[in-house]
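# Observations on the three-dimensional arrangement
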Amino acid sequence: MAVEASSPTMFSPWPDRLRHSAIILLSAGLALVALVVFGELSPTRAGIVFACIAASALVPWRLHDAVASREEVLGVNPVEAPAVRAIIAGMPDPAVLLDRAGRVIHLNTAAAQLAPALRKNELAQFALRSPEIITALREAIASTEPRRATYLDHVPVDRWMELIVTPLSVPTAFGGADTCMLMTFHDQTPLRRVEEMRADFVANASHELRTPLAALSGFIDTLQGPAKDDAKARERFLGIMHTQATRMARLIDDLLSLSRVELSAHVRPDTLVDLLPIIRQVGDGLEPLAAERSVRIEMDLPGDPVMIAGDREELLRLFENLIENALKYGASGGQVLVSVAPSTSPEGAPEMRVAVRDFGPGIAPEHLPRLTERFYRVDVGDSRAQGGTGLGLSLVKHILNRHRGRLLIESVPKNGATFTAAFPQVKTPLRHKLTQFQRVGAVIQLSLNHHKRSVDQP
Ligand code: ADP
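Predicted model, so just to flag it, every value in this text is computed and none were measured. Starting from 1, residues in each chain are numbered consecutively following that chain's sequence as written. Local features in a predicted model are, by the rule used here, given only for residues with pLDDT of at least 70; side-chain atom pairs are given and counted only at 80 or more, and totals for whole chains, interfaces and linings are based on all residues. Where side-chain values are given, they derive from all heavy atoms of the structure, hydrogens and water being excluded.

Let us now look at the sheet that holds strand β11 (residues 406–411). By definition, two strands form a pair when at least two bridges between them are found by DSSP. Starting at the N terminus, helices and strands are each numbered in turn, a helix being any DSSP run of H or I of at least four residues and a strand any DSSP run of E of at least two. Strand order in the open sheet formed by 5 strands is β7-β9-β10-β12-β11, with mixed pairing between adjacent strands. Each edge of the open sheet is held by one strand with a lone partner, namely β7 (296–300) and β11. Averaged over all neighbouring strand pairs, the angle between strand axes comes to 20 degrees, with direction disregarded. When β7 meets strand β9 (residues 335–344), the two strands line up parallel, connected through 5 bridges. Within the sheet, the bridge partner assigned to Ile 297 lies in β9 and is Val 336. Taken strand by strand, helix α9 (residues 275–285) contacts β7, β9, β10 (350–358) and β12 (417–424), and its axis lies near 170 degrees from that of β7. Note on contacts: a residue pair qualifies if any of its non-hydrogen atoms lie within 4.5 Å across the two residues. To obtain an axis, a line is fitted to C-alpha atoms, over the contacting stretch when the element is a helix, and the angle between two such axes runs from 0 to 180 degrees between their N-to-C directions. The sheet contacts of helix α11 (residues 312–329) involve β7, β9, β10 and β12, and relative to β12 the element is tilted by about 165 degrees.

Dropping the structure here:
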């Protein structure tokens, strides 16, 4: 238990110690009195000699007692003063203060949670048994230079921590300083994950590009060699080569779009756009594909413009991906329904939702959380056969992130899937950014809708 330095308990062992000094003083006193009585020493000199003996008998005891009792009161190590303890406790990252031998003087709550085996007054080496950490500790003591090591934690999830051991000169409670080591842990998990994702991405992208490239060079070899004079084979191979080249172009296109959206992820679009003409344009553009797959595209759109803060080109890409996927993977349902309706986010903010529903085979629940990962497909063969790149939904997610929106995916296997893009509704200040051109456009749109409704009415 820590007690203040001015506590009255500090010098409690003092009377026991005094007994030894008293014996010394008594013997010295008797000897000096005898010398004075026999005229060997003047009383003044005897007094001075007695004072010196008394000082040398009492002062060391007192100092010794003070040091010993302070160590008892404050704990094992004199550097564990309240200020030092408060600094370690207040550090946001896990932090441990060690003495020169590697014994824990103090550790904060974050460190105790990270490595529960670390205990006060015990050697840190025993708790963190990694050879790399032990070497870092030893080298930091020997060189008085900071050393780094990696600390891996596997429970409850994998975590990579960078451990830095910094030798410090810490003032002790009674003046002077002691060399200690400050051991801090810094979570590198997010950086590691990004690094892993980047490496995976490059590997996947190269693999995806290499496959059509290998097919193209194979067909070129065949056309230059065995099939040189075979007009029928040439026709067929050129068709396949065209498909592969289109696939490569699409992949590169998707990769570039993805990196463009990522680059501007922090800048939210601030131009007001009407979602309805964008959705209609995408629907019209995909009519040939729908006809080819015998699918009917139905739109359930409100009459009034639906204005959001958005980037028109990105929104075109977003709806193109969602509706095209519904046509490709949900073709067996024969129908794709696109609807727009207002709703509220889980936080209660108003939002506008665009739902693309198909009635195809749907998606098994275990795939749902991973669908927006780059290159993730439920069935790679099916996706490739449909000309897919595995980047569509990832792009959708990034575009929505930039628009501060969300993607909701619901699916019941054998009963289709619904992909919903939810956009925050614009707040009043943004409306002021409506350009003159957009204002006129919105008015025209409103009057056309009004006119259409009047014509439709019987
Ligand atoms: P792809 O280029 O392969 O279409 P996406 O990222 O757009 O890549 O989609 C990822 C995967 O999600 C697809 O390969 C497909 O397996 C699945 N998927 C997407 N939309 C649907 C849907 N409407 N119905 C069933 N599966 C879907």
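There is more to say after this.
Aromatic ring pairs are reported here in terms of the distance separating the ring centres and the angle at which the planes meet. In summary, the pairing rule links any two rings of Phe, Tyr or Trp, Trp by its six-membered ring, whose centres are within 6.5 Å, and it sorts them by plane angle into stacked for under 30 degrees, edge-to-face for over 60 and tilted for everything else. Summed over the entire model, instances satisfying the criterion amount to 4 aromatic pairs. Pairing Tyr 151 with Phe 185 gives two aromatic rings, centres 5.4 Å apart and planes at 75 degrees, and the pair type is edge-to-face. Here the residue Tyr 151 occupies a position in strand β3 (residues 147–153), and Phe 185 occupies one in strand β5 (residues 177–187), the gap between them amounting to 34 residues. Tyr 151 gets classed as buried once you look at its relative accessible area, which sits at 13%. Burial classes follow relative accessibility: with a 1.4 Å probe on protein chains only, a residue under 20% of its type's maximum area counts as buried, one over 50% as exposed, and anything between as partly exposed. Given a relative accessible area of 0%, Phe 185 falls into the buried group. An angle of 35 degrees between the planes, with centres 5.9 Å apart, marks the rings of Phe 201 and Phe 375 as tilted. With Phe 201 in helix α7 (residues 189–224) and Phe 375 in the loop between β10 and α12 (380–385), the pair connects residues that are 174 residues apart, well separated along the chain. Residue classification places Phe 375 among the buried positions, given a relative accessible area of 9%.

Let's shift gears to the site of the ligand. Residues in contact with the ligand amount to 18 residues; listed here are only the nearest, Tyr 329, Ser 383, Thr 389, Gly 390 and Leu 393. Polar contact is defined as a pair of N or O atoms within 3.5 Å, subject to the rule that within protein one atom must be able to donate a hydrogen and the other to accept it, and that residues adjacent in sequence are counted only when both atoms are side-chain atoms. Between the ligand and Gly 390 there is a distance of 2.8 Å, counted from an oxygen atom to a backbone nitrogen or oxygen. Note that an oxygen atom of the ligand is positioned 2.8 Å from one of the backbone N or O atoms of Leu 393. Elements that contribute at least two residues to the shell around the ligand include exactly α11 and α13 (392–402). A total of 4 residues in the shell around the ligand trace back to one element, the largest contributor, which is α11. A per-class count over the shell around the ligand returns 9 nonpolar, 6 polar and 3 charged. Nearness is defined per residue: one heavy atom within 4 Å of the molecule or strand is enough. Nonpolar residues are Ala, Val, Leu, Ile, Met, Phe, Trp, Tyr, Cys and Pro. Charged residues are Asp, Glu, Lys and Arg, and all others, Gly as well, are polar.

Now for the nonpolar core. Only buried residues count toward a nonpolar core, which is a set of Ala, Val, Leu, Ile, Met, Phe, Trp, Tyr and Cys residues joined through side-chain atoms within 4.5 Å. The biggest cluster of nonpolar side chains holds 50 residues, and the ones touching the most others in it are Leu 275, Leu 318, Phe 319, Leu 327 and Phe 423. Of all elements in the fold, only α8 (231–263), α9, α10 (287–292), α11, β9, β10, α13 and β12 reach the threshold of two or more residues within this core. At 8 residues, α11 tops the list of elements feeding residues into this core. Both domains that meet at this core, namely domain 3 (192–263) and domain 4 (268–427), each give it at least three residues. Aside from chain neighbours lying at most four places away, what touches Leu 327 is Leu 286, Leu 289, Ala 290, Arg 293, Val 295, Ile 297 and Val 336. Counting 22 residues, the second largest nonpolar core, distinct from the first, contains Val 104, Leu 107, Ile 133 and Ala 140. All the domain ranges listed were derived from an automatic or database domain assignment.

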